[in-house]
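Breakdown of the fold
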Number of protein chains: 2
Amino acid sequence: MRPLKHFLTLADSLHFGRASEACHVSPSTLSRSIRQLEENLGAKLFERDNRHVALTRQGETFQAYAREALEQWEQLRLSLQSEALHLTGEISVYCSVTASYSFLYALLSEFRIHHPGIELKLHTGDPAEAMARVLAGEEDMAITPRPRRTPEALAFKSLTRAPLVFIAPQQAAAWMPSTPESPSTEQWCEVPMILSEAGLSREFADTWFKALGVTPRIYAQVAGHEAIVSMVGLGFGIGVVPKIVLDNSPLQERVRVLPVKPELPHYDVGLCVLERRLKSPLIRALWDEVIER
Amino acid sequence: MRPLKHFLTLADSLHFGRASEACHVSPSTLSRSIRQLEENLGAKLFERDNRHVALTRQGETFQAYAREALEQWEQLRLSLQSEALHLTGEISVYCSVTASYSFLYALLSEFRIHHPGIELKLHTGDPAEAMARVLAGEEDMAITPRPRRTPEALAFKSLTRAPLVFIAPQQAAAWMPSTPESPSTEQWCEVPMILSEAGLSREFADTWFKALGVTPRIYAQVAGHEAIVSMVGLGFGIGVVPKIVLDNSPLQERVRVLPVKPELPHYDVGLCVLERRLKSPLIRALWDEVIER
DNA sequence: CCCTGCCATTGCGTAAAACGCGATATTTGC
DNA sequence: GCAAATATCGCGTTTTACGCAATGGCAGGG
């Protein structure tokens with residue numbers, strides 16, 4: 001950039017002495033600076049002898065270029081610096097539909113007010129996939145149940161405790177357990193179950209059945225808890241879902257919670273992110289906005 | 001420019017080792033190059049740790065800029081270099097109308113074919129002013145009579161010898177000298193003369209009259225020889241002009257050459273230019289195209 | 001769970017380049 | 001012809017850039 005400034009100053013004054021003074025360098029430095037420019041360009045910019053300095057035709061062309069180039073550079077500089085202060089960029093967040101409806105929505109609304117320059121990309125899907133997507137770098141962050149043991153590369157922050165519940169259709173059915181408060185093998189072995197394909201809710205359900213000594217009759221395996229509510233609402237069987245999914249479901253009236261004993265365990269739902277990605281100011285800003293538990 | 005190339009290479013490969021190899025520098029040099037860019041811009045361009053490299057949002061902005069800037073620079077370089085080969089620019093030439101009609105026209109036509117990139121600005125006017133305009137730097141070159149002594153700063157190249165002639169109107173007039181071949185004081189002291197305001201032709205005419213022992217009766221002093229032909233053609237008096245002006249005049253039929261004895265001296269007409277301006281390839285090209293005498 | 005390979009960065013000694021001072025050559029104005 | 005002006009060059013010094021080797025930290029595998 002500096003040779004360009006030197007050139008422009010000289011092109012204005014057409015006098016090495018005065019131009020060098022204006023640039024705060026010695027005349028010899030300015031002379032060399034111009035000569036170097038000319039060598040790099042392969043063209044004479046000034047027609048000069050010991051007494052006269054004049055722009056060549058090519059010098060005029062270069063003058064227009066130099067002015068524009070310097071302005072563009074300065075403009076970019078300012079633009080990037082203001083961006084750096086404003087903290088702009090893009091963060092992708094993966095979560096379930098339910099999470100996007102409930103507490104995450106409130107969180108992100110607030111975040112957007114504090115950092116209007118940061119764009120949020122919200123991807124919804126099965127929470128069981130959440131952690132894998134973050135580990136693979138496909139998403140910056142995810143809402144996910146806390147796993148039994150957290151991978152080392154991952155940072156996790158609890159947001160809420162989510163009770164798991166059994167849900168059944170409102171209408172009667174032959175396979176409906178009559179006394180869910182005290183379950184028996186006979187009552188549950190023929191019940192058509194609608195469970196997650198994978199994830200913690202599935203593991204907990206499996207554990208529950210194993211404790212009862214029953215191999216459940218799996219009617220359907222579903223990716224995503226929301227669809228479980230739909231299928232149960234249609235009367236296909238009994239499902240296991242986090243209570244929060246039920247609370248946010250438009251089909252809430254079509255299903256009821258079964259007061260099964262023993263109750264399924266709660267699990268932690270929280271935000272997770274790659275530890276190393278916390279060095280990014282963007283990610284950090286969102287991470288710090290979230291209050292644990 | 002080089003830091004920009006480094007940046008673009010790294011932005012493509014996102015790997016310091018491979019990028020530095022592609023740039024033929026050591027990884028440490030590339031690292032410093034990028035860091036220096038970031039310091040100058042006041043913005044982080046890459047989000048990186050010991051294991052991962054990724055463009056920031058600002059890095060993407062800068063990438064677009066860098067690509068454009070490099071392309072503009074290269075384009076300019078090529079453009080200036082081809083200009084340098086083609087020898088483009090502008091030359092201003094000052095001369096009389098007559099010169100522009102006659103040999104100068106032929107000369108410049110040829111020159112234009114050899115150097116189509118050079119634009120010629122032709123200024124016409126009184127030859128008496130020619131030398132002053134060149135010395136003042138108002139014109140690059142001029143066609144002018146060779147003065148008695150050439151200023152040191154000036155280069156001069158003879159083009160042709162120009163005889164000076166007396167011209168008279170075709171129609172009769174009371175004051176017309178009856179025997180121009182042997183002039184007498186009586187014949188000439190009452191002749192209305194139409195002469196140049198200044199310049200060599202005027203000096204020669206004055207000298208001629210002085211030798212005859214006559215103070216001429218000046219009817220009109222004119223700037224530019226062409227107008228002298230016009231006035232003589234209208235019958236106002238007798239003029240002194242270079243023969244070449246007469247040869248190119250549309251009023252040639254209205255006047256006639258007086259066979260006066262002794263004849264007026266010839267003078268050299270040639271091209272003049274500031275010596276120091278001959279260092280310019282443009283000026284030099286035109287200068288070299290002209291064959292002396 | 002440690003261990004090895006990978007990789008961006010940093011310290012340091014050296015090489016290159018930039019810088020300023022004084023000298024030089026050349027030109028202009030008096 | 002002489003003196004002031006001025007772009008450029010040579011040279012010694014300072015600043016900067018470069019590569020090598022070492023460091024530290026992060027992933028993947030036995």
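Residues numbered from 1 in each chain as written. Chains lettered and ligands numbered in written order. Predicted model: local features only at pLDDT ≥ 70, side-chain atom pairs only at ≥ 80, totals over all residues. Heavy atoms only, no water.

**Examining the protein's contact with DNA strand D**
Near DNA strand D, the surroundings consist of 25 residues, among which Ser31(A), Arg48(A), Arg2(B), Thr29(B) and Arg32(B) are the closest. Per the 4 Å cut-off to the protein, sugar and phosphate atoms form 73% of the nearby atoms of DNA strand D. A distance of 3.4 Å separates a base oxygen of DNA strand D from a polar atom in the side chain of Arg32(A). Those elements that provide at least two residues to the surface near DNA strand D are helix H2 (16-23) and helix H3 (27-41) of chain A together with helix H3 (27-41) of chain B. (Near = heavy atom within 4 Å. Polar contact = N/O pair within 3.5 Å; in protein donor to acceptor, adjacent residues only side chain to side chain. Helix = DSSP H or I, 4+ residues; strand = E, 2+ residues; numbered from the N terminus.)

**Quick word on a negative patch on the surface**
A contiguous patch of negative charge on the surface is contributed by Glu68(A), Glu71(A), Glu68(B) and Glu71(B). Those elements giving two or more residues to the negative patch turn out to be helix H4 (57-86) of chain A together with helix H4 (57-86) of chain B. Mapped onto the elements, Glu68(A) comes out in helix H4. When its relative accessible area of 42% is taken as the criterion, Glu68(A) is described as partly exposed. (Patch = residues over 30% accessible without salt bridge, like charges linked within 9 Å, V, L, I, M, F, W, Y side chains within 5 Å. Areas by Shrake-Rupley, 256 points an atom, 1.4 Å probe, with all protein chains shown as cover. Salt bridge = Lys/Arg side-chain N within 4 Å of Asp/Glu carboxyl O. Lys, Arg positive; Asp, Glu negative; His and termini not counted. Charge placed at Lys NZ, Arg CZ, Asp CG, Glu CD. Buried < 20%, exposed > 50% of the residue type's maximum accessible area, 1.4 Å probe, protein only.)

**Focus: the packing of aromatic side chains**
Summed over all chains, the structure comprises 24 aromatic pairs over all chains. Judged by centre distance (5.4 Å) and plane angle (50°), the ring pair of Phe7(A) and Phe46(A) falls under tilted. Residue Phe7(A) is found in helix H1 (residues 2-13), and its partner Phe46(A) is found in strand S1 (residues 46-48); the two are separated by 39 residues along the sequence. With respect to burial, Phe7(A) and Phe46(A) carry one shared label: buried. Taken together through their ring pairs, the aromatic side chains of Phe7(A), Phe46(A), Phe62(A), Tyr65(A) and Trp73(B) make up a single cluster. (Phe/Tyr/Trp six-rings, centres within 6.5 Å; stacked < 30°, edge-to-face > 60°.)

**Regarding the relation of the copies chain A and chain B**
Turning chain A through 179° and shifting it by 0.0 Å along the axis lays it on chain B, with an RMSD of 0.3 Å. Taken together, the rotation and translation relating the two chain copies correspond to the operation of a two-fold axis. Measuring from the rotation axis to each C-alpha of chain A, the shortest distance belongs to Ala69(A), at 3.8 Å. (Least-squares fit on C-alpha atoms with pLDDT ≥ 70 in both.)

**Considerations on the interface of chain A and chain B**
If you look at the interface, chain A gives 30 residues, while chain B gives 30 residues. When chain A packs against chain B, close to 2,900 Å² is buried across both sides, 57% of that on carbon and sulfur atoms. Among the residues of chain A in contact with chain B, Arg57(A), Tyr65(A) and Leu80(A) are the three that bury the most area, contributing 21% of the side total. Between the two partners, chain A and chain B, sit three salt bridges. Scanning the region where chain A abuts chain B turns up seven residue pairs in polar contact (both at pLDDT 80 or more). Broken down by secondary-structure element, the contributors of at least two residues to the side of chain A that touches chain B are H3, H4 and strand S3 (89-95) of chain A. Top contributing element to the side of chain A that touches chain B by residue count: H4(A), with 14 residues. Across the side of chain A that touches chain B, the residue classes tally to eleven nonpolar, ten polar and nine charged. (Contact = heavy atoms within 4.5 Å. Buried area = accessible area lost by both parts, 1.4 Å probe. Nonpolar A, V, L, I, M, F, W, Y, C, P; charged D, E, K, R; others polar.)

**Re the side chain of Lys157(B)**
All names here are of chain B. Structurally, the position occupied by Lys 157 is in strand S6 (residues 154-169). Within the local environment of Lys 157, its side chain forms a polar contact with the backbone oxygen of Trp 287, the two atoms lying 2.8 Å apart. In this structure, Lys 157 is in contact with Gly 270, Leu 271, Trp 287, Asp 288, Val 290 and Glu 292, ignoring residues within four places of it in sequence.

**Concerning H3(B)**
Over its 15 residues, H3(B) runs 21 Å from end to end, which matches the ideal 21 Å to within 8%, given 1.5 Å per residue. Taken residue by residue, H3(B) has Leu30(B), Ser33(B), Ile34(B), Leu37(B), Glu38(B) and Leu41(B) as its buried positions. Projection of H3(B) onto a plane perpendicular to its axis shows the buried side chains occupying an angular sector of 130°, all on one side. Facing away from the buried side of H3(B), by more than 90 degrees, are the exposed residues Arg32(B), Gln36(B) and Glu39(B). Buried residues belonging to H3(B) abut H4 of chain A together with helix H1 (2-13), helix H2 (16-23), strand S1 (46-48) and H4 of chain B. Following H3(B) by one or two positions, Gly42(B) has its phi on the positive side, about 70°. (Expected span 1.5 Å × (residues − 1). Arc of directions from axis to C-beta.)

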